[in-house]
Number of protein chains: 2
Amino acid sequence: MVTLRDVAGHAGVSVSVVSRVLNSDPSIRIRPETRSRVLESARLLRYAPNSAGRSLRRSRTHLLALVVPDVTNATFTDLVNGVESRALDHDYSVLLASSPRMQPGSDGFNRLLNERLVDGVLLQKGDEAPIELVARALSHPERTVLINSGPVSGVATIAIDDVAAGVLATRHLLDLGHTGIGYVGGVPASDTSDRRQAGVVRTLADAGLTLAREHTTALGYTYRSARDAARLLLSRQPAPTALVVGNVNAGIGVLTEAAQMGIRVPDELSVVAIHDIWPAITCAPALTTVRLPMASMGATAVDVLLAGLETSDGDGTDTTSRVVDDPAPELVLRASTAPPPGS
Amino acid sequence: MVTLRDVAGHAGVSVSVVSRVLNSDPSIRIRPETRSRVLESARLLRYAPNSAGRSLRRSRTHLLALVVPDVTNATFTDLVNGVESRALDHDYSVLLASSPRMQPGSDGFNRLLNERLVDGVLLQKGDEAPIELVARALSHPERTVLINSGPVSGVATIAIDDVAAGVLATRHLLDLGHTGIGYVGGVPASDTSDRRQAGVVRTLADAGLTLAREHTTALGYTYRSARDAARLLLSRQPAPTALVVGNVNAGIGVLTEAAQMGIRVPDELSVVAIHDIWPAITCAPALTTVRLPMASMGATAVDVLLAGLETSDGDGTDTTSRVVDDPAPELVLRASTAPPPGS
DNA sequence: ACGTGGTGGTGAAACGTTTGTGCAGATCCT
DNA sequence: AGGATCTGCACAAACGTTTCACCACCACGT
């Protein structure tokens, strides 16, 4: 390790001068030639500041943790990208916590902030974790921002425009002429699913329609759960002619189950799912989706977190709550939607 | 922040005693009642050791970086899981570096080790990065292990059993009765692709066959590149009746292009891809693949890295090079392979 | 009474930074 | 010429931890 001492020795100045020059401290007065001598020495010796020393002194680690339920789930990877990229813009690095041992409430999770390993935490909670429990597990709310996992009073929250997504999907089906529209939702207390469903309901209402209880499920966002949901909904009398699916993995599950049941998509059933990921292209038929600005949301979450750290710096009373709508949710037209049968 | 001083004050002992008790220093002699008083004070005050202070003193951050080309690529997410999980076993946390700004050679990448932000780096390089360039960009080879990205002399390397995977895929096609077998490879200098191809070649040779040059491509592991590759190979005269595809994303690309060309899979063409990810189930037809122990490889990589840090501790002359074969690559039979036409 | 040895701790240095304060010497003003 | 001001840098403390070295005290044997 080459330290400030080494550079100082090489340049024939004191340690503090080296530190101030390298950090371009505005309060320093120094002869230009001394400054360049210092700079040159640092370059020559390949000095790099030791981050532990710096963190200790500044009490900032320039690290943040991104907690997601599962990196394997493609719906989160865009988020990861957005977060990492924006974090780097701010000279922050990202600690990835996706293991169950790192989820809220666990010891690992608490240590992140308690041991001051990271300056703040970005938390996208999973469906299994009830928000009340998560809220109670938050040891440092002022250093936490919830991603698509709110609201919790006293904690900054940032969400996608789920309502708009629901509206967009429903609007598309209405435009095609559907009236028997169902909704395949997430688990019961899922707030994203609630909001997406609200978008569906509202849009149907605007068209003088209602979302039938027997055309709605709340079994979860997974491929598996959606197959169950599809089997249920498609055996109702009358069956819906179109489904809005709250999640794209679930949407693919619906497609699979419909095929299994001998129901042709899009001829006999239209399917539009919310959230766009790559497999939506390659499944058969290619799935029409609503693309969500996940990366952008991740970036905004970083901004909110770091802004909170700047100002509050102790007492975090300025709890933000934003929904990102830029870029806006966007309909991605593929092959799983068509006018209803017999039209 | 509650520090050792606070605990010491509360318990009426010196700072060093608290530190030694909490770290259960074997060399300490202490009255049982004092010890429990210290423990109780720490519990009461919710003491948590400050990681910056600890890192500075111990010159270990208990952090490691996992550098991958792209988290969005599903082929890497299992690896991420394996790494994170095993790292936690060792009380290490994982810094995720997937942004281009964190790739080998970049400033961000170098800072990871130079500033001692992390103790070591796990590097899965991307296809665009030539291994020679990467090798030169490694400022601290002794703190680096290459994942599926070797070999580089002087650097620990860990790889999957690519040859076995190639063998397994080819064996399957031979067993079905195919003789016109082609290979869709990665970019030209890709060592994983070279090894997978070697497995194909060897298995064909064992059966008295050869891999025809005109039935081989090396255009890349991506969906896009594989569509080009498929178009090329399938318009040869004679066309292969079966393809081993070096990567699953590419495999799905082959499927798409075949459909586009009106070639029915598996009736007219069998496709088996190496590496198993979720979309392989949902594409049409479902893709037969060879499942690779990516998580296990990630775990082993962590073991190798940390072992290297223990022993070498300065001069890293014991460069390991392992291929993980447990669990072994496994054929996952789905719907994209069948006996050749007219058999 | 006096060394000896064990018990139960304490003190201080060090890890590498950052930053407020001090202090020589030079320059300037009158 | 003598104080005031400025220039250019050095000193030292502090962040929180770990760990080596040391010491006061007591009991014990002689």
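Residues numbered from 1 in each chain as written. Chains lettered and ligands numbered in written order. Predicted model: local features only at pLDDT ≥ 70, side-chain atom pairs only at ≥ 80, totals over all residues. Heavy atoms only, no water.

Engineer: Can you help me understand the side chain of Thr170 of chain B in this one?
Structural biologist: Residues and elements named next belong to chain B. As for its position among the elements, Thr170 is in helix α8 (residues 162-176). Judged by relative accessible area, Thr170 falls into the buried class, the value being 0%. If we skip the residues at most four places from it in the chain, Thr170 touches Ile181, Gly199, Val200, Thr203, Leu204 and Val244. (Helix = DSSP H or I, 4+ residues; strand = E, 2+ residues; numbered from the N terminus. Buried < 20%, exposed > 50% of the residue type's maximum accessible area, 1.4 Å probe, protein only. Contact = heavy atoms within 4.5 Å.)

Engineer: What is the right way to look at the protein's contact with DNA strand D in this model?
Structural biologist: Neighbouring DNA strand D are 28 residues; Ser14 and Thr34 of chain A together with Leu4, Tyr47 and Arg57 of chain B lie closest to it. Within the side chain of Arg20 of chain A, one N or O atom sits 3.4 Å away from a base nitrogen of DNA strand D. With respect to DNA strand D, the side chain of Thr34 of chain A contributes an N or O atom lying 2.5 Å from a phosphate oxygen. The dominant element in the surface near DNA strand D, judged by the number of residues it contributes, is helix α4 (residues 51-58) of chain B, at five residues. Taken together, the residues that form the surface near DNA strand D break down as ten nonpolar, ten polar and eight charged. (Near = heavy atom within 4 Å. Polar contact = N/O pair within 3.5 Å; in protein donor to acceptor, adjacent residues only side chain to side chain. Nonpolar A, V, L, I, M, F, W, Y, C, P; charged D, E, K, R; others polar.)

Engineer: In this structure, what is going on with the protein's contact with DNA strand C? I would like to understand it.
Structural biologist: The full set close to DNA strand C counts 26 residues, and Leu4, Arg20, Tyr47 and Arg57 of chain A together with Thr34 of chain B are the nearest of them. Taking the atoms of DNA strand C that fall within 4 Å of the protein, sugar and phosphate contribute 47% of them. Within the backbone of Asn50 of chain A, a nitrogen or oxygen atom sits 3.1 Å from a phosphate oxygen of DNA strand C. Arg57 of chain B has a polar side-chain atom sitting 3.2 Å from a base nitrogen of DNA strand C.

Engineer: I keep staring at the UniProt feature "domain: HTH lacI-type" (unreviewed entry) in chain A and nothing clicks. Help me out?
Structural biologist: The positions UniProt marks with the feature "domain: HTH lacI-type" (unreviewed entry) are residues 2-58 of chain A. Secondary structure content for residues 2-58 of chain A is 67% helix and 0% strand, while the C-alpha to C-alpha distance between its ends is 20 Å. (UniProt positions renumbered as here; feature names shortened; annotations may be inferred.)

Engineer: Would you explain the interface of chain B and chain A in this entry?
Structural biologist: Many structure descriptions define interface size as the accessible area lost when the parts assemble. Every contact between the two is made by 45 residues of chain B and, on the other side, 45 residues of chain A. Here chain B meets chain A over a buried area of about 3,800 Å², counting both sides, of which 59% is carbon and sulfur. Our enumeration of links across chain B and chain A arrives at four salt bridges. Salt-bridge contacts for Asp91 of chain B lead to Arg111 of chain A; the nearest nitrogen and oxygen are separated by 3.6 Å. For the pair chain B and chain A, the number of links is 16 residue pairs in polar contact (both at pLDDT 80 or more). Broken down by secondary-structure element, the contributors of at least two residues to the side of chain B that touches chain A are α4, α5 (77-89), β2 (93-97), α6 (107-114), α11 (248-260) and α12 (279-282) of chain B. Among the residues forming the side of chain B that touches chain A, the class breakdown is 22 nonpolar, 14 polar and nine charged. (Buried area = accessible area lost by both parts, 1.4 Å probe. Salt bridge = Lys/Arg side-chain N within 4 Å of Asp/Glu carboxyl O.)

Engineer: It is not clear to me how the domain arrangement of chain A should be interpreted in this structure. Could you clarify?
Structural biologist: When its domains are assigned, chain A resolves into domain 1 (4-49), domain 2 (61-160 + 294-324) and domain 3 (162-292). The distance between the C-alpha centroids of domain 1 of chain A and domain 3 of chain A comes to 63 Å. (Domains from an automatic or database assignment.)

Engineer: Which parts of the structure should I look at to understand the sheet that holds strand β9 (residues 270-274) of chain A?
Structural biologist: The pairing of strands in a sheet comes from backbone hydrogen bonds and takes either a parallel or an antiparallel form. Residue and element names in this part refer to chain A. Here six strands make up an open sheet; going across it, the order is β7-β6-β8-β9-β10-β12 and the pairing mixed. With partners counted over all chains shown, the strands left at the sheet margins are β7 (216-218) and β12 (330-332), one partner each. Sheet twist, expressed as the average angle between the axes of neighbouring strands with direction ignored, equals 20°. Across three bridges, strand β6 (residues 181-185) lies against β7 in parallel orientation. In the strand pairing of β7, Val184 is matched with Thr217. Along the sheet face, helix α11 (residues 248-260) touches β6, β8 (242-245), β9 and β10 (288-291) and points at about 160° away from the line of β9. (Pairing = 2+ DSSP bridges. Axes fitted to C-alpha atoms, helices over the stretch in contact; angles between N-to-C directions.)

Engineer: So what exactly am I meant to see when it comes to the relation of the copies chain B and chain A here?
Structural biologist: There are two copies of the chain, and a rotation about an axis plus a shift along that axis relates them. For the pair chain B and chain A, the best superposition has an RMSD of 0.1 Å and corresponds to a rotation of 180° with a translation of 0.0 Å parallel to the axis. Put plainly, the chains are arranged around a two-fold axis. Here 100% of the contact residues of chain B are again contact residues in chain A; the copies associate through an equivalent surface. (Least-squares fit on C-alpha atoms with pLDDT ≥ 70 in both.)

Engineer: I keep staring at unusual backbone geometry and nothing clicks. Help me out?
Structural biologist: Glycine aside, negative phi is the norm for most residues, and most peptide bonds take the trans geometry. That bond from Asp326 of chain A to Pro327 of chain A is cis: its omega, 0°, falls within 30 degrees of zero. The step from Gln237 of chain B to Pro238 of chain B runs through a cis peptide bond, and the omega angle for that step is -5°. Within the element layout of this structure, Pro238 of chain B appears in the loop between α10 (223-234) and β8 (242-245). Phi at His62 of chain A takes a positive value of approximately 55°, unusual for a residue other than glycine. Among the secondary structure elements, His62 of chain A is positioned in the loop between α4 (51-58) and β1 (63-67). A relative accessible area of 31% means that His62 of chain A is categorised as partly exposed. The backbone of Arg116 of chain B sits at a positive phi, close to 55°, despite the residue not being glycine. Turning to its location among the elements, Arg116 of chain B is positioned in the loop between α6 and β3 (120-123).

Engineer: Could you clarify how one ought to interpret the sheet that holds strand β12 (residues 330-332) of chain B in this entry?
Structural biologist: Residues and elements named next belong to chain B. Strand order in the open sheet formed by six strands is β7-β6-β8-β9-β10-β12, and the pairing between neighbours is mixed. Looking at the sheet topology across the chains shown, the edges are occupied by β7 (216-218) and β12. Shown here is a sheet whose adjacent strand axes are inclined to one another by a mean of 20°, direction ignored. Pairing analysis gives three bridges linking strand β9 (residues 270-274) to strand β10 (residues 288-291), with the strands arranged parallel. Of the residues in β10, the one forming a bridge with Val272 is Thr288. In this fold α10 packs onto β6 (181-185), β7 and β8, with an angle of close to 155° to the strand it touches most, β7.

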